[in-house]
Amino acid sequence: MVVFMHQFCLSLPGSSLVRLEGGRIMKILFTSCFQWRADHLIKPSNEYWFKCLDLDENGQLTPDEMKLFMRSSMSENEMPFEDVLRPNTRHDCTRGPFKLSLILGNRMETGNDNADASSSSSNSFYTFPPLPPIILPRSPSNQEEGNIPPLFDPPLQLALRNHHEIMRQSLKEQYILRISHFFDNPLGGFRINDAEFKSVITKKVCQLPSFFSAALFRKIDIKSSGIVTRDKFIRYWVDRDMLTMDTVTQMYRILKQPDHEYLSQVDFKPVLQELLETHPGLEFLKTKPNFQKRYAETVIYRIFYHINRRGNGRLSLRELKRGNLIPAMQRVDDEEDTDGVLRYFSYKQFYVIYRKFGEVDANHDFLIDQGDLLTYGDGALTSRIVARIFEQASLCPIAPRKFTCEVARHMNYEDFVYFLISVEDKSSEPSVEYWFKLLDLDGNGKLTPGEMRYFYEDHAKKPVSFEMILCQIIDMIAPEREEYITLRDLKRSDLSRIVFEVLSNRGKLLAFDDRVRFPLPRRRLQGHQHPDLIEWLRFVDKEFESMLIDAEFISSSEDEPMEDWGEPIEEMHD
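Residues numbered from 1 in each chain as written. Predicted model: local features only at pLDDT ≥ 70, side-chain atom pairs only at ≥ 80, totals over all residues. Heavy atoms only, no water.

(A) Main features of the overall build of the protein chain. Across its full length, the protein chain carries 33 helices and two strands. For the protein chain, restricting intrachain contacts to residue pairs at least 6 apart in sequence, the fraction spanning at least 24 positions comes to 63%. In the form shown here, the protein chain has an accessible surface area of approximately 29900 Å², with 51% of it arising from carbon and sulfur atoms. (Helix = DSSP H or I, 4+ residues; strand = E, 2+ residues; numbered from the N terminus. Contact = heavy atoms within 4.5 Å. Areas by Shrake-Rupley, 256 points an atom, 1.4 Å probe, with all protein chains shown as cover.)

Below is the structure:
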């Protein structure tokens, strides 16, 4: 619990002040801190800490009240209470009652630490305090009764509990007063298509991306009356403690179904539909609903590829918090051009993915078989690696990822998106896991020389012997044991992608033999904001430029758009 409170308070407004509160005050006032985390309109101040210490609420902080806190947070061998009120102490703890609360609410260091206090700078207050050890209570049979003193004296416990409830209610009332005037209109609220609900309530008050507006409206208007009033908003956002949650949890609760504890692909459909309808960078797609649908599906597939690491199609809150989806959503909401967002939402990246699928799917049935995939990249992939990829379509228990396609021995668009990202971005962690499982034929977690030889011998042209290739692989990866390579070894190495390319791609094998690495120009590598996306962005840029040069495709796409193959996402994942 203490670790959670430390981590939570680091994200609060005014976190430079809260970071100091690592001791008793932070524990007893934890829920109050929750309130001003969510209410960005009410900022913490010295007044807040004064009210925390002023138990009788008479506007005066008396020595008796301070001594009550001191008695709970210090032992007799530590700093005497009289020393707290000395002029030197008040001078060291400037800035009024807030700094004084540090002494009243935290245990003070004594002994040799006091001797070093004079030599320490005033910046010592801004160091993060160490976490106290977690002490598990022993069973009554193994300890003497009354051996462990209570955390607080009973009178102090009761006073703090009552004081906390008063403070919590006061902060709620202040928050409600701040937002009530937004609902002062002839309608007494907002309809789902009102621009004010999107710009004011969703964006300003709730601080969510604007394309969450419709989803938020439906969560508040549970009876589908068509209007969100002030009272409805307060019942959902304040009374259900939505305002006390972090942004990731807020979005998670808005998107998920009431009876689920995870997000499915269908849950993202409403927000992406609103994004397509309102984003200026996607306005040109309004007359092409088929491509709107494919764009939304591609975004969803990419989200689940990178964030749903368990690959079960159920995105948990924990996975969502570990991922980078929320910053990308906030970024695309602020950008006028989706190509300015390098993760998930770039239309240029969707364009390349969809075009590559069309190139492989020659008969346009929205299905790819093993023969179709052999044509990918002008036949660059070996037949054994393609056969191994299509084991995912069977019931093979050690397949890297099960195909979602319901047609036997075929790959659908979702399966192709997973394949394409893994093939062209071998440096990402999901891709490393994908390729390791492909090469690990027996699924024992060890990539042996025998397994590597099996894939290497499928190359028609072998510029060097396998023994020489194996020596170079061992030198590049530097595994913990030379007898085999583990997933951990590959994740630790920056050269793991070369191993996958040498064993699976004919063209890359020849390039490796010629010592051609196809690196990005130096000027693009240095200071890149997204070093984990370099390989992927390089592929997208190269393919997009090639597609633009293809004048025949441009003219045909203007006159005869691609067919809308396949089933929509809501039918694919009932």
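And the narrative resumes.
(B) Region of the structure containing the packing of helix 15 (residues 247–255) against helix 19 (residues 325–334). Contact geometry of helix 15 with helix 19 gives a least axis separation of 10 Å together with a crossing angle of 85 degrees. The pairing of helix 15 with helix 19 is recorded here as roughly perpendicular in orientation. Across the interface between the two elements, Thr-247, Val-248 and Met-251 from helix 15 touch Ile-326, Met-329 and Gln-330 from helix 19. (Axes fitted to C-alpha atoms, helices over the stretch in contact; angles between N-to-C directions. Parallel < 35°, antiparallel > 145°, perpendicular 65-115°, else oblique.)

(C) Inspection of helix 23 (residues 413–424) at higher detail. Taking 1.5 Å of rise per residue, twelve residues should cover 16 Å, and helix 23 covers 16 Å from first to last C-alpha, within 8% of that figure. Buried residues of helix 23: Tyr-413, Glu-414, Asp-415, Phe-416, Val-417, Tyr-418, Phe-419, Leu-420, Ile-421, Ser-422, Val-423 and Glu-424, and no others. (Expected span 1.5 Å × (residues − 1). Buried < 20%, exposed > 50% of the residue type's maximum accessible area, 1.4 Å probe, protein only.)

(D) Structural detail: the side chain of Glu-297. Topologically, Glu-297 is positioned in helix 17 (residues 289–307). The buried category is assigned to Glu-297, whose relative accessible area is 1%. Polar side-chain contacts of Glu-297 include one of 2.7 Å to the side chain of Arg-294. (Polar contact = N/O pair within 3.5 Å; in protein donor to acceptor, adjacent residues only side chain to side chain.)

(E) Layout of the packing of aromatic side chains. All told, the structure shown has 32 aromatic pairs when counted by the stated rule. Their ring planes at 55 degrees and their centres at 6.1 Å tell us that Phe-190 and Phe-197 sit as a pair that is tilted. For Phe-190, a relative accessible area of 5% puts it in the buried group. In this structure Phe-197 comes out as buried when scored by relative accessible area, which is 0%. Across the ring face of Tyr-454, the terminal group of Arg-384 is positioned such that the distance to the ring centre comes to 4.4 Å. Positioned above the aromatic ring of Tyr-484 is the side chain of Lys-446, whose terminal nitrogen or guanidinium carbon lies 4.7 Å from the ring centre. (Phe/Tyr/Trp six-rings, centres within 6.5 Å; stacked < 30°, edge-to-face > 60°. Lys NZ or Arg CZ within 6 Å of the ring centre and 35° of its normal.)

(F) Highlighting the pattern of salt bridges. A full pass over the atoms with the stated rule returns 28 salt bridges. Put simply, Glu-391 and Arg-388 hold a salt bridge, and the shortest N to O gap is 2.5 Å. As a salt-bridge pair, Lys-491 and Glu-433 come within 2.8 Å of each other at their nearest N and O atoms. With a gap of 58 residues between them, Lys-491 in helix 27 (residues 487–492) and Glu-433 in helix 24 (residues 429–439) connect regions that are remote in the sequence. The exposure class of Lys-491 is partly exposed, given its relative accessible area of 37%. Residue Glu-433 is classed as buried on the basis of its relative accessible area of 17%. If you follow the salt bridges from partner to partner, you end up with Arg-309, Glu-429, Glu-433 and Lys-491 in one network. (Salt bridge = Lys/Arg side-chain N within 4 Å of Asp/Glu carboxyl O.)

(G) Quick look at helix 16 (residues 269–278). Restricting attention to buried positions, one finds in helix 16 the residues Val-271, Leu-272, Glu-274, Leu-275 and Leu-276. Tucked inside the fold, the buried residues of helix 16 contact helix 12 (195–205), helix 13 (213–220), helix 15, helix 17 and helix 19.

(H) Region of the structure containing the nonpolar core. Membership of the largest hydrophobic core comes to 118 residues, with the highest contact counts inside it found for Ile-201, Phe-233, Trp-237, Phe-268, Phe-345, Tyr-376 and Phe-419. In terms of residues, this core owes the most to one element, helix 17, which gives ten residues. Ignoring sequence-local partners within four residues, the contact set of Phe-233 consists of Ile-179, Phe-183, Ile-201, Val-205, Cys-206, Ile-220, Val-228 and Val-238. (Core = buried A, V, L, I, M, F, W, Y, C linked by side-chain atoms within 4.5 Å.)

(I) Layout of the packing of helix 23 against helix 24. Remark: helix 23 packs on helix 24, axes separated minimally by 9 Å, with the N-to-C direction vectors making an angle of 100 degrees. What the angle tells us is that helix 23 and helix 24 run roughly perpendicular. Across from Phe-419, Ser-422 and Val-423 in helix 23, the residues of helix 24 making contact are Ser-431, Tyr-434 and Trp-435. Considered class by class, the residues forming the contact of helix 23 with helix 24 number four nonpolar, two polar and no charged. (Nonpolar A, V, L, I, M, F, W, Y, C, P; charged D, E, K, R; others polar.)

(J) Representation of the environment of Glu-451 within the structure. Its place among the elements puts Glu-451 in helix 25 (residues 449–456). In contact with Glu-451, not counting residues within four places along its chain, are Leu-439, Asp-440, Leu-441, Asp-442 and Lys-446. Reaching out from Glu-451, the side chain makes a polar contact with the backbone nitrogen of Leu-441 at a distance of 3.1 Å.

(K) Representation of the environment of Ile-421 within the structure. By the secondary structure assignment, Ile-421 is in helix 23. Between the alpha carbons of Ile-421 and Arg-302 there is a distance of 8.5 Å; along the sequence they are 119 residues apart.

(L) Layout of the confidence of the model for the protein chain. The pLDDT averaged across the protein chain works out to 74; a share of 64% of its residues lies at or above 70. Mean pLDDT values for the elements of the protein chain range from 35 in helix 2 (residues 15–18) up to 96 in helix 13. Scored below 50 in pLDDT, residues 1–45 makes 103 contacts in the model with residues more than four places away or belonging to other chains. (pLDDT = per-residue confidence, 0-100.)

(M) A look at unusual backbone geometry. Of note in the backbone geometry, Phe-366 takes a positive phi value of approximately 65 degrees without being a glycine. Tracing the sequence through the fold places Phe-366 in the loop between helix 20 (347–360) and helix 21 (370–373). What makes Phe-366 buried here is its relative accessible area of 6%.

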